[in-house]
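Fold and geometry: a report
So you can see what is in the structure, the chains are spelled out below.
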Amino acid sequence: MAHHLRPLAARSASAFRTALTPFFQRFSTATIVDELRYAKSHEWAKLEGDTVVVGITHHAQEALGDVVYVDLPEVGKSVAQGESFGSVESVKAVSDVYAPVSGEIVEVNSELTESPGLVNQGPFQEGWMMKVKVKDPAEVESLLSAESYKKFVEEDGH
């Protein structure tokens, strides 16, 4: 029986997850999500009410390679826009991660402690890093739009 015709239960979890992975994540080397805002240090921000969800971009995780460790901040800590809030360690390097907005950290993605590879598998979904109660919503607007970030990556060779 052809792989795509096998019953769902017969498929491996990995194959099923791959089948559900959005098209853009599997095939694009420069994935940029229109609804997000971006920092020049390659973090993304998604405003949800008065909270901003933060992670690293597809471009950043691709440049890092396989992520093996994520150092997350503590809930309750305050961060300032542009300040390092943690780091990502890959097989290639250790890289600081910077807060795209100022505010209080209200949640961290503790799944990354046990499964840091989620940053590679879904940097815009299950690979998110923290949620920040934003201090100044204007900071979100000061970040790059998807179109501006795409130009930044292409023109500056970052």
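Residues numbered from 1 in each chain as written. Predicted model: local features only at pLDDT ≥ 70, side-chain atom pairs only at ≥ 80, totals over all residues. Heavy atoms only, no water.

By definition, the strands of a sheet pair up through backbone hydrogen bonds, in either a parallel or an antiparallel sense. Taken in spatial order, the three strands line up as E4-E6-E7 in an open sheet, and their pairing is antiparallel. Each having just a single partner strand, strand E4 (67-71) and strand E7 (94-98) make up the two edges of the open sheet. Across this sheet, the average inter-strand angle for adjacent strands is 25°, counted without regard to direction. (Pairing = 2+ DSSP bridges. Helix = DSSP H or I, 4+ residues; strand = E, 2+ residues; numbered from the N terminus. Axes fitted to C-alpha atoms, helices over the stretch in contact; angles between N-to-C directions.)

The biggest cluster of nonpolar side chains holds 27 residues, and the ones touching the most others in it are Phe85, Met129 and Met130. For Met130, the contacting residues outside a window of four places in its chain are Val52, Val53, Val54, Pro73, Val79, Phe85, Ala99, Ile105, Glu107 and Val108. Formed by 12 residues, the second largest nonpolar core is a distinct cluster that contains Tyr38, Phe124, Ala146 and Phe152. (Core = buried A, V, L, I, M, F, W, Y, C linked by side-chain atoms within 4.5 Å. Buried < 20%, exposed > 50% of the residue type's maximum accessible area, 1.4 Å probe, protein only. Contact = heavy atoms within 4.5 Å.)

This part covers the side chain of Ser102. You can see Ser102 is positioned in the loop between E7 and strand E8 (103-108). Here Ser102 is in contact with Val79, Ala80, Gln81, Val132, Lys133, Val134, Lys135 and Glu139, once residues within four sequence places are set aside.

By secondary structure assignment, the location of Ser41 is in the loop between strand E1 (37-38) and strand E2 (43-48). Once the C-alpha coordinates of Ser41 and Thr57 are considered, the two residues, 16 residues apart in sequence, prove to be 9.4 Å apart. A polar atom in the side chain of Ser41 sits 2.3 Å from the side chain of Glu43. (Polar contact = N/O pair within 3.5 Å; in protein donor to acceptor, adjacent residues only side chain to side chain.)

Our focus in this paragraph is the sheet that holds strand E3 (residues 51-56). With antiparallel pairing, the six strands of this open sheet are ordered in space as E1-E2-E3-E9-E8-E5. If you trace the sheet from one side to the other, it starts and ends with E1 and strand E5 (78-79), each paired once. Inspection of the sheet shows E1 paired to E2 by two bridges, in the antiparallel sense. Counterpart to Arg37 in the pairing with E2 is Ala45.

Further remarks concern the UniProt feature "modified residue: N6-lipoyllysine" (unreviewed entry) in the protein. Here, the residues flagged by UniProt with the feature "modified residue: N6-lipoyllysine" (unreviewed entry) are Lys92. Excluding residues that lie within four positions of it along the chain, Lys92 makes contacts with Glu62, Ala63, Leu64 and Gly65. Side-chain polar atoms of Lys92 contact the backbone oxygen of Ala63, separated by 3.4 Å. (UniProt positions renumbered as here; feature names shortened; annotations may be inferred.)

For the rest of this paragraph, the subject is helix H7 (residues 146-156). Residues of H7 that are buried: Ala146, Tyr149, Phe152 and Val153. Buried residues of H7 fall within an arc of 120° about the axis and therefore sit on the same side. Projecting away from the buried face of H7 at angles above 90 degrees are the exposed residues Glu147, Glu154 and Glu155. Here the buried face of H7 lies against E1 and helix H3 (58-64). (Arc of directions from axis to C-beta.)

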